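Per-entry structural report
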Amino acid sequence: MMKKRIGFIVILATIVLLASGCTQAKDDLTISTFKNSSRQEKKDIWGPFGKKYDLAIKTEFGNDKERLENSDAGIDVIELLQKDAVTGNKEARFKKLDFSKLKNFGLLSKQQQKIAKETNSIPYQVKRLGVVYNSNKVGKIYSWDQLWDAGLESSIAVPNITTELGPQMLYMVQGHYQRKQVTSVFVDTGQLDSKTMFMELNNLKPNILKVYDDPNGLSQMLKSGEIYVAVVDDIVGQKIQKANPNIKFVFPKEDDYIGYKTAAILKNSKSDKDYQYLDFLIEKNQNNLKQVDRLQMLRKIDYEFLNKHLTSYTKEWNKIID
């Protein structure tokens with residue numbers, strides 16, 4: 001009997017995807033994925049994969065923490081943010097991957113392969129932090145440090161610490177402090193100094209009008225002039241820019257902050273297509289994954305360190321932001 005799920009609503013959708021001329025799937029694969037997974041994933045990934053292997057795909061949606069807690073209930077593959085993949089592997093929820101079964105593993109960069117080996121999960125999509133701004137309201141944005149300019153008082157939207165971009169936001173704030181220390185040599189350990197980080201968040205607070213959990217609505221806020229600037233990922237930023245000719249999306253010139261979506265095989269998986277699914281994700285996301293090779297100022301994020309301190313960081317964040 002499937003475990004009862006507590007504390008969140010599970011939307012269970014069965015997408016039966018059959019090859020032409022077939023009347024019954026030979027197998028199925030159950031995927032636990034992000035609650036904001038869209039029609040695009042169905043079109044680009046689940047549909048073609050189901051057709052290729054003549055199987056039915058079942059999908060379960062929710063937030064990472066709750067899906068991890070319920071991951072032993074008939075799920076084959078789980079898709080998680082990088083920080084949650086670290087947690088899931090530490091809790092021994094994933095199968096130890098046999099990388100010889102992944103024919104596309106060599107398509108990953110050395111750093112991406114390192115992440116896979118450390119977490120028993122495949123990084124399959126990267127999101128990069130950037131800035132969108134209304135060019136009718138502010139001059140050209142080219143630096144992260146401009147977010148602290150006095151002229152942007154009460155005009156910026158930033159992602160909440162609890163969102164997908166929360167870790168990158170923290171490291172970006174820390175980076176502002178480090179760039180001001182012109183007489184010291186910076187060694188990137190991937191860890192944070194909470195004292196200086198929250199000092200700079202407090203300095204940024206006068207400019208923050210909105211802390212968002214969902215980027216939907218930012219486009220209209222920028223267009224109307226309710227906000228002038230927003231910190232977003234590249235997928236959201238490019239979408240907003242495309243829809244509004246006066247809105248520009250940029251990657252500031254200094255540091256690059258990224259995070260991966262990952263996929264892992266749960267230890268109780270019964271599917272014989274779980275490795276093929278991971279391979280398929282790598283293949284279909286090659287263009288996205290390869291952009292990391294071009295980044296010269298990539299900042300490290302130590303997710304073991306971050307996860308250890310995230311509860312206390314969230315409390316302090318809320319004190320400052322609220």
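Heads up: these notes are all about the structure in this document. (Residues numbered from 1 in each chain as written. Predicted model: local features only at pLDDT ≥ 70, side-chain atom pairs only at ≥ 80, totals over all residues. Heavy atoms only, no water.)

1. Quick notes on the overall build of the chain
So the rule is basically this: In this description a helix means any DSSP run of H or I spanning at least four residues, a strand means any run of E spanning at least two, and both kinds are numbered starting from the N terminus. As a reference, a globule follows 2.2 Å times the number of residues to the power 0.38, and the radius of gyration itself is taken over C-alpha atoms. Pairs of residues are marked as contacts when any of their non-hydrogen atoms sit within 4.5 Å. Computed with the Shrake-Rupley method and a 1.4 Å probe, the accessible areas treat only the protein chains shown as cover for residues.
Along its length, the chain carries 11 helices and 10 strands. A compact globule built from 322 residues should have a C-alpha radius of gyration of about 20 Å, and the chain, at 21 Å, falls within 12% of that. Partitioning the contacts of the chain with sequence separation of at least 6, the portion at a separation of at least 24 is 80%. Looking at the chain as shown, the accessible area adds up to about 16100 Å², and 49% of this sits on carbon and sulfur atoms.

2. Digging into the packing of aromatic side chains
Any aromatic ring pair is given by two values, namely how distant the centres are and how the planes are angled relative to each other. Operational definition: What counts as a ring pair is set by centres within 6.5 Å for rings of Phe, Tyr and Trp (its six-membered ring), and what kind of pair is set by the plane angle: stacked under 30 degrees, edge-to-face over 60, tilted for all other angles. Note on exposure labels: buried denotes an accessible area under 20% of the residue type's maximum, exposed denotes more than 50%, and partly exposed covers the range between, all computed with a 1.4 Å probe on protein chains only.
Applying the stated criterion across every chain yields a total of 8 aromatic pairs. The interplanar angle of 50 degrees and the centroid separation of 4.8 Å between the aromatic rings of phenylalanine 49 and tyrosine 53 together place this pair among those described as tilted. Of this pair, phenylalanine 49 and tyrosine 53 are both found in helix H1 (residues 39-53), 4 residues apart, which corresponds to roughly one turn of the helix. For phenylalanine 49, a relative accessible area of 0% puts it in the buried group. According to the relative accessible area criterion, tyrosine 53 is partly exposed, its value standing at 22%. Geometrically, the ring pair formed by tryptophan 144 and tyrosine 257 is edge-to-face, given 5.8 Å between the ring centres and 75 degrees between the ring planes. Taken as a pair, tryptophan 144 in the loop between strand E5 (122-134) and strand E6 (156-159) and tyrosine 257 in the loop between strand E9 (247-250) and strand E10 (258-265) lie far apart in primary sequence, 113 residues in all. A relative accessible area of 1% places tryptophan 144 in the buried class.

3. Some remarks on unusual backbone geometry
The backbone of asparagine 120 shows a phi angle near 55 degrees, a positive value even though the residue is not glycine. Relative to the helices and strands, asparagine 120 is located in the loop between helix H4 (110-119) and E5. Although it is not a glycine, serine 154 sits at a positive phi angle of roughly 55 degrees. As for its placement among the helices and strands, serine 154 is situated in the loop between E5 and E6. Taking relative accessible area as the criterion, serine 154 reaches 38% and is therefore assigned partly exposed.

4. Some points on the environment of leucine 108
Here leucine 108 shows up in the loop between helix H3 (82-90) and H4. Once the C-alpha coordinates of leucine 108 and isoleucine 282 are considered, the two residues, 174 residues apart in sequence, prove to be 7.6 Å apart. Setting aside residues up to four positions removed in sequence, leucine 108 forms contacts with Gln113, Ile122, Pro123, Ile282 and Leu289.

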